[in-house]
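Coordinates in review
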Amino acid sequence: MSETPGWSSPDQPSNQPQQPGPQQPQYGQPGGYNAPPPPGAGPTIKPGVIPLRPLAVGEIVDGAITTMRRYPKLIIGAAAVVAAVTQIVGLLVQLPFLDDLTAVVTLDPNSVTQEQAIDQFTSAITGFLTGTLLSVFLLLLGTVFLSGFITVIVGHAVLGKPVTFAQAWEEFKPRLLPLLGATLLSGLVITIGLVLCIVPGVWLWVLFALVTPALVLERCGVTAAFGRSKKLVDGAWWRTFGILLLTVVITIVIEWIIGLPFGLLGAATTGFSSDPTAALSIGSLILSTIGAIIASTITLPFSSAVTVLLYVDRRMRSEGMDIELQRAAGHGGI
C-alpha cells in the first residue's frame, strides 16, 4: 500500500519514486526548497482543498470545511461513529451512579449523621469519578483515532487525491499506537504546565500542537514528532496560538448552538423544574447526549482538519513545502 506522497520531512528522503534525469534540489541547498520563488512565477496551483502556497487564516478554516464537505462519508461518518460510541458508553457508565448522586444532591443534613453523610458523599463521588475517568479514556481513544484518520484524509485532500476508508485506515493503522503514546505524553506535559502555572501549559499546548500531523504524515517516531512540532512552531508561536484559539472559539460556539435546543428540550421534560436533581433525569441526560453526539460529529473533525492545514501552512512557510506538494500532486515538471 503506497503512502500519501509528498510529506517526508527535510531530514527524510522523499517517498516519491525517483525520476530519471537531473537530481532535484533538496531542502537547505542553494536553489532548493528554502529559496524564494523566481520572479514571474506562474499562478497559484490548487489541486485540492487549498492553494499550494502559504495560507491566510481564512483559507485554513475554509480548507477544513471544504475537506469535510468533499469527503463527507469518510469524515462525518467516522466522526459520527466515534462520537456516538464514546458518548453513549459514557452515558451508560454514569447511569448506575445516578441514584447515589441524586441522594447526595437531595441530602438533608438534619436527617442523617455526619458519618452517614460522609459515607454517601464518598460513595457517590467515587462512583462518579470512576465513570468519568472511563468516559474520558474512551473519548481519548476515539479522539486519537479520529484525529489520525482525518490527518491522512486531509493529506490526500490537499493534493486532490481520492481516498477510500480502507486506504486511509491502511495508512494510519501503523501510526495508531505511536499516536496514542504521543497524545498521552503531550497531555501529561501540558497538564503539568497548567498545574504549575497557566502560561507554561498554554505555551506547551501551542508548541506541541502539530505533533499529530507530523507523526502521521511524516511517519516519524514520537520523539521526532515533538521535535518537528517545536521546530515548525518556533518563530510563529503567536500566529499558531491565534489560529488554535480561533478554532476553539468556533467549536465552542457550534457546541453551544447545537446543545442549546437539546438543553431546552431536556428542561421541558422536567417541566422546567428548579429542582437541582432535574438535570440528572434520564430524559434530560439522553437529550444532552444526543446533542453532544451531533456537536462532536462536526467539531472534532473540524478541529483536526484545521490542525493539519496549520501544519501544512507552517511547512510551506518555513520549508518551502509547496514545491514538494506541487510535485506530489503532479505539477512542477514531474
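Refer to the structure presented above.
Residues numbered from 1 in each chain as written. Predicted model: local features only at pLDDT ≥ 70, side-chain atom pairs only at ≥ 80, totals over all residues. Heavy atoms only, no water.

A word on the layout of surface pockets. Here the largest pocket defines a volume of roughly 1,100 Å³. Lining the largest pocket are 34 residues, with Thr143, Thr183, Trp205, Ser303 and Thr307 sitting closest to its centre. Mapped onto the lining of the largest pocket, the elements with two or more residues apiece are helix H4 (114-159), helix H6 (176-196), helix H8 (211-217), helix H10 (237-269) and helix H11 (282-319). Broken down by element, the residue count for the lining of the largest pocket peaks at eight residues, all from H4. Looking at the lining of the largest pocket, its residues break down into 17 nonpolar, 16 polar and one charged. (1 Å grid on protein atoms, 1.4 Å probe; cavity = no way out; pocket = protein on both sides within 12 Å on 5 of 7 lines; lining within 4 Å. Points joined across faces, edges and corners; volume = space filled by probe spheres on them. Helix = DSSP H or I, 4+ residues; strand = E, 2+ residues; numbered from the N terminus. Nonpolar A, V, L, I, M, F, W, Y, C, P; charged D, E, K, R; others polar.)

In total, this model carries nine aromatic pairs according to the counting rule given. Relative to Phe149, the ring of Phe145 lies with its centre 5.5 Å away and its plane at 20 degrees, an arrangement referred to as stacked. Residue Phe145 and its partner Phe149 are both found in helix H4; the two are separated by four residues, about one turn of the helix. For Phe149, a relative accessible area of 0% gives the class buried. Look at Phe145 and Trp169: their rings are 6.0 Å apart centre to centre, the planes differ by 55 degrees, and that puts the pair in the tilted class. Pair noted here: Phe145 is in helix H4 and Trp169 is in helix H5 (residues 165-172), with a separation of 24 residues, a long-range link. (Phe/Tyr/Trp six-rings, centres within 6.5 Å; stacked < 30°, edge-to-face > 60°. Buried < 20%, exposed > 50% of the residue type's maximum accessible area, 1.4 Å probe, protein only.)

With that settled, the discussion passes to the nonpolar core. In this structure, Trp7, Phe149, Ile153, Val158, Tyr311, Val312 and Leu325 are the most contacted members of the largest nonpolar core, which totals 67 residues. The leading source of residues in this core is H4, at 11 residues. (Core = buried A, V, L, I, M, F, W, Y, C linked by side-chain atoms within 4.5 Å.)

So, about the packing of helix H1 (residues 57-70) against helix H2 (residues 72-94). In the contact formed by H1 and H2, the axes pass within 5 Å of each other and the chain directions differ by 95 degrees. Here H2 runs roughly perpendicular to H1, going by the angle between their axes. Each of Thr67, Met68, Arg69 and Arg70 in H1 lies in contact with H2, whose residues at this interface are Pro72, Ile75 and Ile76. (Axes fitted to C-alpha atoms, helices over the stretch in contact; angles between N-to-C directions. Parallel < 35°, antiparallel > 145°, perpendicular 65-115°, else oblique. Contact = heavy atoms within 4.5 Å.)

Once that is clear, we can look at a nonpolar patch on the surface. On the surface, Leu245, Val248, Val249, Ile252, Val253, Trp256, Ile257, Leu260 and Leu264 cluster together into a nonpolar patch covering about 810 Å² of accessible area. One can find Leu264 in helix H10. (Patch = residues over 30% accessible without salt bridge, like charges linked within 9 Å, V, L, I, M, F, W, Y side chains within 5 Å. Areas by Shrake-Rupley, 256 points an atom, 1.4 Å probe, with all protein chains shown as cover. Salt bridge = Lys/Arg side-chain N within 4 Å of Asp/Glu carboxyl O.)

It is worth spelling out the packing of H6 against helix H7 (residues 198-207) at this point. At a minimum axis separation of 5 Å, H6 and H7 run at an interaxial angle of 155 degrees. Here H6 is positioned roughly antiparallel relative to H7, judged by the angle of their axes. In this structure, H6 crosses over H7, and the sense of that crossing is left-handed. Here Val189, Ile190, Gly193 and Leu194 of H6 come into contact with H7, specifically with Ile198, Pro200, Gly201, Val202, Leu204 and Trp205. Its residues assigned to classes, the contact of H6 with H7 comprises eight nonpolar, two polar and no charged. (Left-handed = near helix turned anticlockwise from the far one by under 90°.)

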